[in-house]
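Listed below, chain by chain, are the residues.
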Amino acid sequence: QVQLVESGGGLVQAGGSLRLSCVPSGRTFSSYAMGWFRQAPGKEREFVTGITMSGGSTFYTDSVKGRFTISRDNAKNTVYLQMNSLKPEDTAVYLCAVGTSLFKYNYWGQGTQVTVSS
């Protein structure tokens, strides 16, 4: 069983930045792809970004390209999501996920709330 703990969410004005962190436990961190999903009220869960085990490949959904950066530090067992130039439409619960490949995830955390005010 994998447990994922996210942190770093909060309230920020449009144009601001936040950095989310996620620490998984229960498995060898470096053996898994990591990703971030988000879910806004009344909307389906959306895959935002992912990073492969080695960190050599990443994916970003179009709406966050050029603004969000995913990274991982396997020595610290942590994955990060740097979010810049935030927009009100980025408001959502952001969930960390661990998976077997860049586009296949098996476990999700409880999420951290990100609210962007206009």
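Nothing here was measured: the structure is a model prediction, and the numbers come from that model. (Residues numbered from 1 in each chain as written. Predicted model: local features only at pLDDT ≥ 70, side-chain atom pairs only at ≥ 80, totals over all residues. Heavy atoms only, no water.)

**Brief notes about the overall build of the protein**
What the protein contains, in helices and strands, is zero helices and 11 strands. Going from N to C terminus, the protein has its helices and strands arranged as β-β-β-β-β-β-β-β-β-β-β. A compact globule built from 118 residues should have a C-alpha radius of gyration of about 13 Å, and the protein, at 13 Å, falls within 12% of that. Each principal axis of the C-alpha atoms in the protein carries an extent, and together these give about 40 × 25 × 25 Å. Here the protein has roughly 6000 Å² of accessible surface; of this, 48% comes from carbon and sulfur atoms. Of the charged side chains in the protein, 11 are positive and 7 negative, and the gap between their average positions amounts to 5 Å. (Helix = DSSP H or I, 4+ residues; strand = E, 2+ residues; numbered from the N terminus. Rg over C-alpha atoms; globule rule 2.2 N^0.38 Å. Areas by Shrake-Rupley, 256 points an atom, 1.4 Å probe, with all protein chains shown as cover. Lys, Arg positive; Asp, Glu negative; His and termini not counted. Charge placed at Lys NZ, Arg CZ, Asp CG, Glu CD.)

**Things to note about the packing of aromatic side chains**
In this structure the tally under the stated criterion is seven aromatic pairs. Aromatic side chains Phe37 and Trp108 sit 5.6 Å apart centroid to centroid with 70° between the ring planes, which places their arrangement in the edge-to-face category. Of this pair, Phe37 sits in strand E4 (residues 33–39) while Trp108 is found in strand E10 (residues 104–108), placing the two residues 71 residues apart along the sequence. Taken together, the aromatic side chains of Phe37, Phe47, Phe59, Phe103, Tyr105 and Trp108 make up a single cluster linked through ring pairs. (Phe/Tyr/Trp six-rings, centres within 6.5 Å; stacked < 30°, edge-to-face > 60°.)

**Focus: the pairing of strand E5 (residues 46–51)**
Of all six residues that make up E5, five are buried, and the element is covered over most of its length. By the bridge criterion, five bridges tie E4 to E5 in an arrangement that is antiparallel. Each bridged residue has a counterpart across the sheet, and for Arg38 the counterpart in E5 is Glu46. Here E4 hands over to E5 after six residues, with Gly42 in that stretch at a positive phi of 80°. Relative to strand E6 (residues 58–60), E5 runs antiparallel, the two sharing three bridges. In the strand pairing of E6, Thr49 is matched with Tyr60. What sits between the antiparallel neighbours E5 and E6 is a turn of six residues, in which Gly55 has the positive phi angle 85°. (Buried < 20%, exposed > 50% of the residue type's maximum accessible area, 1.4 Å probe, protein only. Pairing = 2+ DSSP bridges.)

**Quick look at the pattern of salt bridges**
Enumeration according to the criterion identifies four salt bridges in this entry. Here Asp62 ties to Lys65 by a salt bridge, and the two come within 3.0 Å at their closest N and O atoms. Judged by its relative accessible area of 61%, Asp62 is exposed. Notably, a salt bridge pairs Asp90 with Arg67, separated by 2.7 Å at the nearest N-O pair. Here Arg67 lies in the loop between E6 and strand E7 (68–73) and Asp90 lies in the loop between strand E8 (78–83) and strand E9 (92–101), a separation of 23 residues in the sequence. Of the residues examined, Asp90 reaches a relative accessible area of 1% and is grouped as buried. Salt bridges here are not isolated pairs; linked through shared partners, they connect Arg38, Glu46, Arg67 and Asp90. (Salt bridge = Lys/Arg side-chain N within 4 Å of Asp/Glu carboxyl O.)

Everything listed here is a matter of geometry and, on its own, says nothing about what the molecule does.
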